[in-house]
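# Close look at the chain arrangement
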Amino acid sequence: MLIDLHPSIALADLMRDLKTSTSVWLKQQKEFSHFEGWADGYAALTVSYGDKNMVIEYIKNQQEHHKKESFTDEFRQLLLKEGIKIDELYFMK
């Protein structure tokens, strides 16, 4: 998701509300009968406004993109490139 979050809204509050409301909806849909709930955590990254269109195009094409490189591999490389320490206990669980 690409969102423009107003500074008065805490990311944790947004994620709590988003995960709660989508969980309720998904559990009501027969197509998602095996949905048990979201993971405990989440990842949030910032992007400059100038890169917005690039990110939108990435999102539009990610299904095709991830046929070549898995999301897990790409995400791991992004975190490592940015110097973010990965806790393997929680990564992609």
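Sequence order as written defines the numbering, with residues in each chain counted from 1. Under the rules for a predicted model, residues below a pLDDT of 70 receive no local features and side-chain atom pairs below 80 are neither given nor counted, while totals for whole chains, interfaces and linings still include all residues. To obtain the side-chain values, all non-hydrogen atoms of the structure were used and water was disregarded.

Moving on, we come to the overall build of the chain. On a plain count of helices and strands, the chain comes out with 3 helices and 0 strands. Only DSSP runs of H or I covering at least 4 residues are called helices, and only runs of E covering at least 2 are called strands; the numbering of each starts at the N terminus. When the helices and strands of the chain are read in sequence order from the N terminus, they spell out α-α-α. The reference for a compact globule is 2.2 Å times residues^0.38; the radius of gyration itself is calculated from the C-alpha atoms. In terms of overall size, the chain is more extended than a compact globule, its C-alpha atoms giving a radius of gyration of 15 Å where 93 residues would be expected to give roughly 12 Å. The principal-axis extent of the C-alpha atoms belonging to the chain is close to 40 × 35 × 30 Å. A buried classification covers 11% of the 93 residues belonging to the chain. Across the chain, every contact between residues at least 6 apart in sequence was considered, and the portion connecting residues at least 24 apart equals 29%. Across the chain, the centroid of the 12 positively charged side chains sits 3 Å from that of the 15 negatively charged ones. When accessible area is computed with a 1.4 Å probe and restricted to protein chains, residues below 20% of their type maximum are described as buried, those above 50% as exposed, and intermediate ones as partly exposed. In what follows, residue pairs with any heavy atoms lying within 4.5 Å of each other are defined as contacts. As used throughout, the charge tally considers Lys and Arg to be positive and Asp and Glu to be negative, leaving His and the chain termini uncounted. A charge is said to be at NZ when it belongs to Lys, at CZ for Arg, at CG for Asp and at CD for Glu.

Another point: the packing of aromatic side chains. Here a Phe, Tyr or Trp ring, Trp counted by its six-membered ring, pairs with any other such ring whose centre lies within 6.5 Å, and the pair is stacked when the planes are under 30 degrees apart, edge-to-face when over 60, and tilted otherwise. Inspection of every chain in the model, using the stated rule, returns 4 aromatic pairs. Arranged with centres 6.3 Å apart and planes meeting at 50 degrees, the rings of W25 and F32 form a pair that is tilted. By relative accessible area, W25 is classed as partly exposed at 47%. Judged by relative accessible area, F32 falls into the partly exposed class, the value being 39%. Ring plane angle 15 degrees and centroid distance 5.4 Å describe the contact between F71 and F75, whose orientation is recorded as stacked.

Now for the pattern of salt bridges. Salt bridge, as used here: a side-chain nitrogen of Lys or Arg that lies within 4 Å of a carboxyl oxygen of Asp or Glu. In this structure the tally under the stated criterion is 5 salt bridges. With its nearest N and O atoms 3.1 Å apart, the salt bridge here joins R16 to D17. Here E88 ties to R76 by a salt bridge, and the two come within 2.7 Å at their closest N and O atoms. Of this pair, E88 sits in the segment after helix 3 (71–81) while R76 sits in helix 3, and the two are 12 residues apart along the sequence. With a relative accessible area of 44%, E88 lands in the partly exposed category. Residues joined in a network through salt bridges with shared partners are D13, R16 and D17.

A few words now on the side chain of S23. Inspection of the secondary structure puts S23 in helix 1 (residues 11–28). The buried category is assigned to S23, whose relative accessible area is 12%. For S23, the residues in contact, after removing those within four places along its chain, are F35 and W38.

Quick look at helix 1 now. In a helix, the anticipated span is given by 1.5 Å times the number of residues less one. Compared with the 26 Å implied by 1.5 Å per residue over 18 residues, the 26 Å span of helix 1 between its first and last C-alpha is a close match. Regarding helix 1, the residues found buried are M15, K19, S23 and L26. Seen end-on, helix 1 carries its buried residues on one side only, within an arc spanning 75 degrees. The directions from the helix axis to the C-beta atoms are what the arc is built from.

Our next topic: a nonpolar patch on the surface. Taken together, the side chains of L2, V47, Y58, I59, F71 and M92 make up a nonpolar region of the molecular surface, amounting to roughly 470 Å² of accessible area. Summarising the element assignment, M92 is placed in the segment after helix 3. Every patch collects residues that have over 30% relative accessible area and no salt bridge, joining them within 9 Å if they carry like charges and within 5 Å if they are nonpolar side chains (Val, Leu, Ile, Met, Phe, Trp, Tyr). Here the accessible surface of atoms and residues is derived via Shrake-Rupley with a 1.4 Å probe, and residues count as covered only by protein chains that are part of the display.

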